[in-house]
Amino acid sequence: MKATKFIVLLLSLILWVSCSAYKKQAPKEPVKTPQQLAVETAKDAETAYSNGDYEGAITHYNTAIDYYKQALPTAAPTDSIPLMIFRLNKNIANIYSIYGYELSTNEDYEGAIIQYEKAIAKYKELQPEASPRDSVDTILYNLYQNTAVACRDAGEYDKAIAYYDLMLAAHPENDEILLKKFAIYKDDLKNETQAYKILKEYAISNNDFGACHRLGDLYRENNDFTNAIYWYEKADSIKTDSNVLIKLGNLYRSNQIKAWDKSNKVFERYIALNPMSPDLKTIYKLMGGNYDQMKNKAKATEYFEKYLNIEYAEDIALYVCQYYFNAKNYGKAITWANTILEKNPANSDALYFRAVSKYSQKDMKGAKADFQRLSTDTKYGSYAKQYLKSM
């Protein structure tokens, strides 16, 4: 009996030892490779970014990059570790850029500048073999612009100019950027001399139509018509442009310049470009006015009639009617008087020109009817009565 108890106890002991040994030898979780850790940490970064935790996302991405660097020595080419590192660095740069934009939108311009400059530095680190250089350069160009705007809003004008210079170095033909530099010097730094200097130097050195055109506009806006004409003429010498021709023509005929003949010559060039009728009628009217200023009534009438063929205007029609009346071309005077009176029977001027024209053509019946209508008119009544007495 004692032996039996001993055997059972011994078996229990052996079983307990066996179980204990089994528990101690349970398999451990496999150690994760640096590449696996990198993938997991990158996912943590994405989660942090989705939650608006930009700093946390950047920290996780940097940790993931460190893991990829650890994996690099033993990685296979198909693992594309350099490309993964590039993408994570690009994600970091994007976050800096987005963060900067949000800060700028919230008028934290100093904070925005810090984030934009971190983005710029990060993009400059990106290796061209991992991504087309042109793509990175385009992103940098846009970042320079965002940073320049933030610098200007923050009152850091010299830094803003420096970033615009970086943009011009990449795209020297971009006169819009040049104008932003101009605005900083002129409006913010109150240095008009330097503002106009940089624009003029650019216009001359590049023989640039856009810059010359802009200078013309700027001088015109400041009522400096002489300089405006100078720069419009330079722009015109580079390229024929309808807008420049209209501006030149209007400046020549301004009260400051009064170069009516030059104005018409420019407008004639504009007409040769075959503009649309709404624009053409305005030019005809202006040219008629120029010729009138030059005391050339015949040419003025010629262009006023061209205007009237597109759009009717009573005052211009009356000018034409009076010209033909004074020139004793009574047939045309009557034609234009009829046109005016059809639209406005109360126009006593047109009625008088028609009455006298009919009288001169020996149409006494027609003349008498018109003079009778005029007999009570305050302006022409006395003349009408005299004609009626003579008939």
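Provided above is the structure to which this section pertains.
Computed from a predicted model, the values in this text were never measured in an experiment.

1. Describing unusual backbone geometry
Now for step 1: In this model, Asn-223 sits at a positive phi of 60°, which is unusual for a non-glycine residue.
Now for step 2: Mapped onto the secondary structure, Asn-223 falls in the loop between α10 (209–221) and α11 (225–238).
Now for step 3: In this structure, Asn-274 is a non-glycine residue whose phi angle is positive, near 55°.
Now for step 4: The residue Asn-274 is located in the loop between α13 (260–271) and α14 (277–293) in this model.
Now for step 5: Relative accessible area serves as the criterion here: at 68%, Asn-274 is assigned to the exposed category.

2. A closer look at the pattern of salt bridges
Now for step 1: One pass over the full model with this rule turns up 19 salt bridges.
Now for step 2: The partner of Lys-159 in a salt bridge is Glu-117, with the nearest N and O atoms 2.9 Å apart. Taken together, the residues Lys-159 in helix α7 (residues 157–170) and Glu-117 in helix α5 (residues 109–125) connect sequence positions 42 residues apart.
Now for step 3: A relative accessible area of 31% means that Lys-159 is categorised as partly exposed.
Now for step 4: For Lys-358, the salt bridge identified is with Asp-370, shortest N-O distance 3.5 Å.

3. Notes on the environment of Tyr-330
Now for step 1: Looking at the secondary structure, you find Tyr-330 in helix α17 (residues 330–343).
Now for step 2: Once the C-alpha coordinates of Tyr-330 and Lys-190 are considered, the two residues, 140 residues apart in sequence, prove to be 63 Å apart.
Now for step 3: With residues up to four places along the chain from it excluded, the contact list for Tyr-330 reads Tyr-324, Phe-325, Ser-357, Ser-360 and Gln-361.

4. Points about the packing of helix α8 (residues 175–188) against α10
Now for step 1: Their axes nearest at 10 Å, the elements α8 and α10 cross at an angle of 35°. The hand of the α8/α10 crossing is right-handed. The segment α8 lies against α10, with Asp-175, Glu-176, Leu-179 and Phe-182 engaging Gly-210, Ala-211, Arg-214 and Leu-218.
Now for step 2: Along the lines of polarity and charge, the residues of the contact of α8 with α10 split into four nonpolar, one polar and three charged.

5. Considerations on the packing of aromatic side chains
Now for step 1: Scanning all chains against the criterion turns up 19 aromatic pairs.
Now for step 2: Grouping aromatic residues by their ring pairs yields a cluster made of Phe-325, Tyr-330, Tyr-352, Phe-353, Tyr-380 and Tyr-383.
Now for step 3: Note that Lys-306 overlies the ring of Tyr-303, its terminal NZ or CZ placed 4.5 Å from the centroid.
Now for step 4: Above the face of the Tyr-312 ring, Lys-343 is positioned so that its terminal group lies 4.9 Å from the ring centre.

Here is what the cut-offs are and how they apply
- Residues numbered from 1 in each chain as written.
- Predicted model: local features only at pLDDT ≥ 70, side-chain atom pairs only at ≥ 80, totals over all residues.
- Heavy atoms only, no water.
- Helix = DSSP H or I, 4+ residues; strand = E, 2+ residues; numbered from the N terminus.
- Buried < 20%, exposed > 50% of the residue type's maximum accessible area, 1.4 Å probe, protein only.
- Salt bridge = Lys/Arg side-chain N within 4 Å of Asp/Glu carboxyl O.
- Contact = heavy atoms within 4.5 Å.
- Axes fitted to C-alpha atoms, helices over the stretch in contact; angles between N-to-C directions.
- Left-handed = near helix turned anticlockwise from the far one by under 90°.
- Nonpolar A, V, L, I, M, F, W, Y, C, P; charged D, E, K, R; others polar.
- Phe/Tyr/Trp six-rings, centres within 6.5 Å; stacked < 30°, edge-to-face > 60°.
- Lys NZ or Arg CZ within 6 Å of the ring centre and 35° of its normal.

Remember that the coordinates give geometry; whether it matters functionally is a separate question.
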